[in-house]
Amino acid sequence: MGDKPIWEHIGSRFIQHYYQLFDNDRTQLGTVERTAIQGKAAIVEKLSSLPFQKIQHSITAQDHQPTPDSCILSMAVGQLKADEDPIMGFHQMFLLKNISDAWVCTNDMFRLALHNFR
Amino acid sequence: IKAYQNRTPERLMENTQDGNLGDWFKITVPYGIKYDKTWLMNSIQSHCSVPFTPVDFHYVKHLAQFFVQDASAASALKDINYKIFDEENQKIPIFVNTSAVPYSMCNKLEPEKMEQLKLTISKRYDVSQKALDLHKLRFDPDLLGHDIIIILNRRNCMTAILQTIKKNIPELLSLNLCKNKLCQLDGLSDIIQIAPTIKTLNLSKNELKSARELDKIKGLKLEELWLQGNPLCNTFPNQPTYVSAIRKYFPNLSRLDGQDLPPPTVTGIVDMDIIKPCKESFKGPETLKNLIFQFLLHYYLIYDSEDRESLLSAYHEEACFSLTVPYNSEDPALSNLCEYLKDNRNMKNLKDSDLRFQLLKHTKCEIVNSLCVFPKTQHDLNSYVVDLWAHTEIMLCFSVSGVFKEVIEVERKSQGSVRAFTRTFILSSGSNSSMCIVNDILTVGNARTEETQSAFSIPVPTPTFSSLSTLSQEQQEMVQIFSIQSGISLQWSQKCLQDNEWNYIKAAQVFATFKTQGKIPEEAFKQIS
C-alpha cells in the first residue's frame, strides 16, 4: 500500500478527485455520491442545480481517520470561489465506505463560511 | 554511546584474550530504533547467508548498531542491504563498516574476575524467590575487596553480569538494579533472550532520562516495575499520564513503583452512560436531537473542567482522534495557536509518515492524554451549530461548530483568545448499549471578529428572569438547554434544576414523571417572548 496507511491514501485521493470533479463538471458527481437518505440522483440534481456556473475549491487542510467499522472519515477545510462572489471558507466532512471493492461516499456534510480558516 | 566514553588508556592495552583484535565490523541500520529489536535481529539473521553473533547492540539516536567479528558475515550482511522489507513495505538499509573492537570485547573481565563475580552473584541471589539483588553493585564489599570494579552503566560490566546470569540462573524471576547510575538500557537489551522469565524489575534511583529507554527492553513480560527516582519520572505532567505511558511498553504490568495498578480497561470517574439510545423511537429526529444535546452538554462540562481525564469513559477503547489547524504559514496572527500546532495533523502539509501516524491518536488513553495537554477552555454552547449528518441503528455522526475561549487565569480574571472550532464526532453504541465516541476529528482556528464579539453573550434576560444572573455560567447553560428540551419556560427550568441539585439527568427524569402525571401547570409552558 506504499508508505501511507490506507485511510490516508484513500481519503486524500477521494478529496482530490471529488473537488476536481466538482470544480470541473458537477454532473459527474453521481459516480461519487450516495447516501441512505436521499439517493444518488437527487443529490446530483441538487448539486447541478446550485446557482453558480463556475466554482473553484482550494483545500487548506485535510485529515483522515479510520472508523472501527472500516469506513474512512475525511475532512476538508478550504476556500471556494463561485462565479464572481467573494472568496468564502468552507468545511466538508465525508464518510467513505468500501462497497464491492470501490470506495464510495455514503455521507457528506458541507458547511459554508463558518470560520475564517485561511 | 555513554558506555564508550569511559575508556581509559590502560584498559585499551589490557585485553589480549581474544586473539584477533582486528577484523571487527560495525553494522548500522538507520532508523533502526523504530523496529522491535527482536524482530529486526531475527529478520537480519534469517536473511543473512552466514550465521553470526551480534555483539553490543545499541542505539545512537535513531540508528541501531551492532558489531560482528567475522569478515564473511560482514560481507553477507552487506549483501542484504535494502533486501529486507519492513511492515510498511519499506526497504531496510544496512551499512557495514570496519570498526575498532567493541567496548565489551576489549574490556572483557578476566576469568578470575568472572569467577569472583559468579560467587558474588550467588551470594546476592535468593533461590526461593529466584530474585537477584544487584543494587549498588559498585560498592559490594566482596568485589571491592578483590579490586573488581563493576560499573553497570558500562557495557562490558553489564555484559559480564548478563553472561553470568545466562550460565547460572537463566530462570531468574526478579532483578534489582536500583542505584547503579544507569543512564541507558542498551546493555540490558539482551536480557530478553538471556532471562525471558523475568517478571519483576527494579530500575529505581538510576539516571534514566527518558521513558523511551524502556523500548530497549520492552520484550520483557513484566508484571512489576520500579522506576521512581529516575529523571524520566519528571517528564510526565501527572501520574495517570506516567502510568499509561509505561503501560504501553509493558501491557501486563500490574504494579508500578510499589503501587497496584487498576486493570487496563479503566472506567472513568464520571460515567457517560446517560447516552442510552432509546431504541423504540430511534428514528425520531427529536430523540436524536436530545441525545446529541445531552452528549454535548455533558462532554463539554467535563472538557471545560479541571478534570478532562473523566472523558476516558466517553471514548471507545480503539477510538481515534486527530487535530488539524488549517493555516497559511504566512499569516503571523496564527502563531498564537502554537499550543495546537504541536499536534497539528494537516495531511496536506504533513509529509512525514511517521509523524502522521503518531499524531493520529489511537486508543482512549492516548486521546485523553492529548486532550489533557490542550489549554483549559470554556466553550460557548450558545454559539453551537450542530449538524447531524449520518445515523444508523448503532452509529451517530454529527458535527459541531462553535467558539470557545482559552482560559488563562491572570489574577482571578480569565483572559484568553477566542478560538473557533469544528468537531465531528462519531458515536457508536457499545456492548452495554451505551454510546461511546469512536472517532473525533477537530479543527481549530482563530475566531473571526464578529464571532469573538458575539461569543459568550447570553441573550438579554427579561426582567422576570433576573435571578438567572446569580447562576454560574454552566448553570445558565443548563437552564437554557433544559428549557429547549422540555418546552417549559426558563424560570421553571431553573426551578426544576435547582430542586434537583443541578443534576440534569435527575431533573429531566423528574420532569418527565410529573409530565405524565399531569402535574405541570399550563403556565410553565408559556414561552418567553
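This one's a predicted model, so the numbers in the text were calculated from it and none came from an experiment.

Undergrad: Would you mind going over the overall build of chain A with me for this structure?
TA: In terms of helices and strands, chain A carries two helices and four strands. N-terminal to C-terminal, the α/β element order of chain A is α-α-β-β-β-β. The 118 residues of chain A split such that 51% are buried. Pairs at least 24 apart in sequence give 46% of the contacts found in chain A among residues at least 6 apart. With the model as given, the accessible surface of chain A reaches about 5,900 Å², and the carbon-plus-sulfur share is 51%.

Undergrad: Help me understand the packing of aromatic side chains in this model?
TA: In this description, a pair of aromatic rings is defined by centroid distance and the angle of the planes. Residue and element names in this part refer to chain B. One pass over the full model with this rule turns up 24 aromatic pairs over all chains. Here the aromatic rings of Tyr 299 and Tyr 303 are separated by 5.9 Å at their centres, their planes lie at 20°, and the arrangement is stacked. Taken as a pair, Tyr 299 and Tyr 303 lie in helix α10 (residues 285-303) at a separation of four residues, close to a single helical turn. A relative accessible area of 0% places Tyr 299 in the buried class.

Undergrad: I would appreciate a short explanation of the pairing of strand β3 (residues 63-68) of chain B in the present structure.
TA: Across a regular strand the side chains alternate sides, sitting on one face of the sheet and then on the other. Residues and elements named next belong to chain B. With five of six residues buried, β3 lies mostly within the body of the structure. Where strand β1 (residues 24-29) and β3 come together, five bridges link them in antiparallel fashion. Bridging from a neighbouring strand, Thr 28 pairs with Gln 65 of β3. Here strand β2 (residues 55-60) pairs with β3 via four bridges, running antiparallel. What sits directly across from Val 55, in β3, is Phe 67. A loop of two residues connects β2 with β3, the two strands running antiparallel in sequence, and Lys 61 in this loop sits at a positive phi of about 50°.

Undergrad: What am I meant to see in the nonpolar core here?
TA: The nonpolar side chains of soluble globular proteins are, as a tendency, buried together. Residue and element names in this part refer to chain B. Of all hydrophobic cores here, the largest spans 52 residues; its most connected members are Ile 150, Ile 191, Leu 203, Ile 217 and Leu 225. When contributions to this core are tallied by element, the ones reaching two or more residues are α5 (111-123), α7 (155-168), α8 (191-194) and α9 (239-249). Looking at this core, the element that brings in the most residues is α7, giving six residues. Leu 291, Leu 312, Val 368 and Leu 427 belong to the second largest nonpolar core, which has 46 residues in total.

Undergrad: Explain the environment of B:Leu288 to me, please; I cannot follow it from the model alone.
TA: Its location among the elements puts B:Leu288 in helix α10. B:Leu288 sits 100 residues away from B:Leu388 along the chain, and the two C-alpha atoms are 8.6 Å apart.

Undergrad: Any chance you could explain the pairing of strand β21 (residues 418-429) of chain B here in plain terms?
TA: Residue and element names in this part refer to chain B. The element β21 is largely enclosed, with a buried count of 12 among its 12 residues. A two-sided burial pattern is seen for β21, the buried positions comprising Val 418, Ala 420, Thr 422, Thr 424, Ile 426 and Ser 428 on one face and Arg 419, Phe 421, Arg 423, Phe 425, Leu 427 and Ser 429 on the other. One ladder, built from 11 bridges, connects β21 with strand β22 (residues 435-446); its direction is antiparallel. Note that in β22 the partner of Thr 422 across the bridge is Thr 443.

Undergrad: Any chance you could explain the pattern of salt bridges here in plain terms?
TA: Opposite charge on two side chains lets them pair, provided their charged atoms get close. All names here are of chain B. In the structure shown here, the tally under the stated rule is 12 salt bridges over all chains. One salt bridge connects Lys 216 with Asp 186, and the closest N-O pair in it is separated by 3.2 Å. You can see Lys 216 sitting in the loop between β10 (200-202) and β11 (224-226) and its partner Asp 186 sitting in the loop between β9 (174-176) and α8, a full 30 residues away along the chain. There is no split in this pair, since Lys 216 and Asp 186 are both buried. Its salt-bridge partner being Arg 255, residue Glu 224 comes within 3.5 Å of it at the nearest N-O pair.

Conventions and cut-offs
- Residues numbered from 1 in each chain as written.
- Chains lettered and ligands numbered in written order.
- Predicted model: local features only at pLDDT ≥ 70, side-chain atom pairs only at ≥ 80, totals over all residues.
- Heavy atoms only, no water.
- Helix = DSSP H or I, 4+ residues; strand = E, 2+ residues; numbered from the N terminus.
- Buried < 20%, exposed > 50% of the residue type's maximum accessible area, 1.4 Å probe, protein only.
- Contact = heavy atoms within 4.5 Å.
- Areas by Shrake-Rupley, 256 points an atom, 1.4 Å probe, with all protein chains shown as cover.
- Phe/Tyr/Trp six-rings, centres within 6.5 Å; stacked < 30°, edge-to-face > 60°.
- Pairing = 2+ DSSP bridges.
- Core = buried A, V, L, I, M, F, W, Y, C linked by side-chain atoms within 4.5 Å.
- Salt bridge = Lys/Arg side-chain N within 4 Å of Asp/Glu carboxyl O.

Honestly, it's all geometry; don't read function into it.
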